[in-house]
Amino acid sequence: MTDLTKLTAVEIAGLVAGGETSAVEVTRAHLDRIAAVEGRVHAFLHVDTEGALAAARAVDERRAAGEELGPLAGVPVAVKDVLTTKGVPTTVGSKILEGWRPPYDATIVQRLRAAGTVMLGKTNMDEFAMGSSTEYSAYGPSHNPWDLDRIPGGSGGGSAAAIAAYEAPLAIGSDTGGSIRQPGAVTGTVGAKPTYGGTSRYGLVAFSSSLDTPGPCARTVLDAALLHAAIGGHDPRDSTSIPQPMPDVVAAARLGATGDLTGVKLGIVSEFVGEGAEPGVMAAFHESVDALTKLGAEIVEVSCPHFKYALPAYYLIAPSECSSNLARYDGVRFGLRVGDDGNRSLEEVMSLTREAGFGPEVKRRIMLGTYALSSGYYDAYYGQAQKVRTLITRDFTAAFEQVDALISPTTPFVAFPIGARTADPYQMYLADLFTIPTNLYGGPGISVPCGLSEGLPVGLQVMAPTMADDRMYRVAAALESAVGTFTPPAL
Amino acid sequence: MAAISREEVAHLARLSRLAVTEEELDTFAGQLDTILQAVAQVGEVTAADIPPTSHSVPLTNVLREDVVVPGLTPAEALSGAPDAEEQRFRVPRILDEDVAS
């Protein structure tokens with residue numbers, strides 16, 4: 001009998017629509033898989049067994065009634081715990097929201113329900129999406145299915161681990177500095193950061209509002225594109241949502257899968273191939289470049305001179321926005337309250353609540369942002385970082401006058417051992433060296449598996465102009481058609 | 001030279017409403033110093049005449065139609081509150097005791 005957990009979303013939806021299996025059977029197969037491997041992987045913070053089965057039954061009933069089902073109906077999906085889910089616990093990986101059951105669904109969650117997908121549960125993440133390994137989750141790290149002693153990337157390591165471990169075919173992530181793409185790279189899965197404003201932030205717990213971008217995670221480029229199409233597009237409830245139709249990412253992925261990149265011009269970011277990446281990562285990258293050339297792409301080197309300042313600019317901008325956004329955790333409207341003995345003042349209770357509820361990385365970033373925004377330091381730090389952001393945007397604009405898309409390794413190193421980078425927070429930040437420029441610019445980026453280094457997955461990143469998400473899907477699907485997909489050892 | 005002192009970190013913690021411990025102050029002072037030394041690289045860029053970017057999407061004054069749409073009920077809005085009373089969020093004491101009495 002077919003193992004339903006090994007199928008792609010496209011295959012599952014086809015079997016459900018054709019009546020060859022039911023959404024309930026598909027859901028049970030994934031819940032069984034979760035039960036079998038979660039003790040080792042820890043991808044989920046909450047598994048919503050009853051909610052998933054009810055959603056699956058509803059899909060089966062709609063099919064029985066002869067309703068036309070969408071392209072992802074009956075397909076299970078895991079949702080990063082950064083999106084609000086009505087009545088289903090949402091913690092953002094933090095103790096400060098432990099036990100919180102939001103009174104509303106995020107727009108993306110509403111769209112997932114409307115598409116007939118089946119939400120299996122909420123996935124683990126670094127607290128408030130700050131981190132590159134899930135080690136900053138207040139609920140313990142997730143484990144990489146390729147090697148359980150290694151990190152699955154972060155912050156969306158739970159979503160990536162869930163799909164790599166066949167606990168779900170699809171997952172939702174959010175990408176502020178690489179939190180979809182870097183976990184995709186180190187778990188051998190596909191992760192796409194849409195154009196900023198192309199996917200709604202309504203109900204996405206805010207970290208850095210000018211950068212946060214929710215997006216799809218999957219095992220194939222086409223599955224990612226279908227999920228992107230299901231969740232994307234204008235949302236009147238998000239005032240930064242782009243009021244334009246999205247490009248047809250599904251058609252682009254199908255076009256790319258034909259393996260023809262004739263007429264496509266790709267730029268290798270020279271600043272990203274000279275230094276910083278492990279030799280094994282560079283070897284896999286260069287082999288992929290050869291593969292892309294064989295598919296017909298023309299490849300040139302492009303210089304983006306300000307990209308080397310992206311990491312420092314990001315670690316001023318994101319903490320500044322976070323110090324402001326996280327002021328809402330005041331122990332009054334939701335979440336934790338500590339030390340309210342009837343005598344302590346509001347301010348004392350607030351300080352004790354935040355001290356108890358936030359983990360060390362969140363505290364570091366709040367204080368760093370408070371510093372960068374304070375009078376006397378504002379111009380030198382936050383103000384200067386915003387100017388560097390302009391220069392990075394200009395680098396992208398100039399590059400896209402020469403090429404259709406840019407390529408680089410997704411991350412400088414393969415999955416590192418759990419514990420290897422927590423002692424020095426800045427060492428952790430380097431994981432996002434290649435993904436951060438895209439967030440500052442606002443354009444789309446995708447990580448697609450491109451090879452192995454010492455038995456661990458390597459990802460190739462494709463970066464495209466704002467609102468040209470279709471281009472990155474075409475290139476990623478073409479590369480996938482040449483190098484194939486990568487399967488971790490059996491758990 | 002250190003970019004940030006232990007006293008400055010203590011001040012930042014107060015501004016951030018974080019009741020950090022003495023031990024945390026020692027750890028954070030060293031770590032924030034390392035991070036600040038690294039991010040100070042942005043100062044190498046000549047950017048005096050460059051306009052700042054706060055946001056990548058150039059949208060201004062985004063308005064919606066002035067129509068009533070369903071929102072949360074008071075019970076839903078208060079459902080996650082640590083303490084509530086008479087359809088309101090109940091907060092800890094906000095005035096000094098002698099003023100309040």
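Data block above holds the structure.
Residues numbered from 1 in each chain as written. Chains lettered and ligands numbered in written order. Predicted model: local features only at pLDDT ≥ 70, side-chain atom pairs only at ≥ 80, totals over all residues.

Trainee: I would appreciate a short explanation of the interface of chain A and chain B in the present structure.
Mentor: In many analyses, interface size is given as the accessible surface area lost on bringing the parts together. Contacts between the two partners involve 56 residues from chain A, matched on the other side by 45 residues from chain B. Secondary-structure elements contributing two or more residues to the side of chain A that touches chain B are helix 11 (310-325), helix 12 (346-357), helix 13 (360-373), helix 14 (379-402) and helix 15 (425-429) of chain A. (Contact = placed C-beta atoms within 7 Å. Helix = DSSP H or I, 4+ residues; strand = E, 2+ residues; numbered from the N terminus.)

Trainee: Would you explain the packing of helix 7 (residues 221-231) of chain A against helix 17 (residues 469-483) of chain A in this entry?
Mentor: When two helices pack together, you describe them by how their axes are tilted relative to each other and by the distance separating the axes. All names here are of chain A. Two elements in contact, helix 7 and helix 17, have axes separated by 9 Å at closest approach and are oriented at 155 degrees. One element, helix 7, and the other, helix 17, form an angle in the roughly antiparallel class. Facing Val 221, Leu 222 and Ala 225 of helix 7, the residues of helix 17 in contact are Tyr 473, Ala 476, Ala 477 and Glu 480. (Axes fitted to C-alpha atoms, helices over the stretch in contact; angles between N-to-C directions. Parallel < 35°, antiparallel > 145°, perpendicular 65-115°, else oblique.)

Trainee: So what exactly am I meant to see when it comes to the pairing of strand 3 (residues 118-123) of chain A here?
Mentor: Residues and elements named next belong to chain A. Of all the 6 residues making up strand 3, 6 are buried; the element is thus mostly covered by neighbouring parts of the structure. With 3 bridges joining them, strand 1 (residues 44-47) and strand 3 adopt antiparallel strand pairing. Bridge assignment links His 46 to a residue of strand 3, and that residue is Lys 122. In the sheet, strand 2 (residues 76-80) pairs with strand 3 via 5 bridges, with the strands oriented parallel. Within strand 3, the position partnered with Pro 76 by the bridge is Val 118. In this region the chain leaves strand 2, passes through helix 4 (residues 107-114) and returns to the parallel neighbour strand 3; the handedness of that crossover is right-handed. (Buried ≥ 20, exposed ≤ 12 C-beta atoms within 10 Å, placed from the backbone. Pairing = 2+ DSSP bridges. Right-handed = clockwise from strand over helix to strand, strands pointing away.)

Trainee: What am I meant to see in the pairing of strand 9 (residues 405-409) of chain A here?
Mentor: Residue and element names in this part refer to chain A. For strand 9, the tally of buried residues reaches 5 of 5 residues, placing the bulk of the element in the interior. Two strands pair when backbone bridges link them, and strand 7 (residues 265-269) and strand 9 are joined in this way by 3 bridges, in the parallel orientation. Within strand 9, the position partnered with Gly 267 by the bridge is Leu 406. For strand 9 and strand 11 (residues 456-463), the ladder comprises 4 bridges, and the chain directions are antiparallel. The partner of Pro 409 across the bridge, within strand 11, is Leu 460.

Trainee: What exactly am I supposed to notice about helix 8 (residues 249-256) of chain A here?
Mentor: Given 3.6 residues per helical turn, the α-helix brings residues three or four places apart onto the same face. Residue and element names in this part refer to chain A. Three or more residues of helix 8 are buried, namely Val 249, Ala 252, Ala 253 and Gly 256. The buried residues of helix 8 occupy one face: seen down the axis, they fall within an arc of 100 degrees. Tucked into the core, helix 8 has its buried residues touching helix 7 and helix 17. (Arc of directions from axis to C-beta.)

The quantities given are spatial measurements derived from coordinates; they are silent on function.
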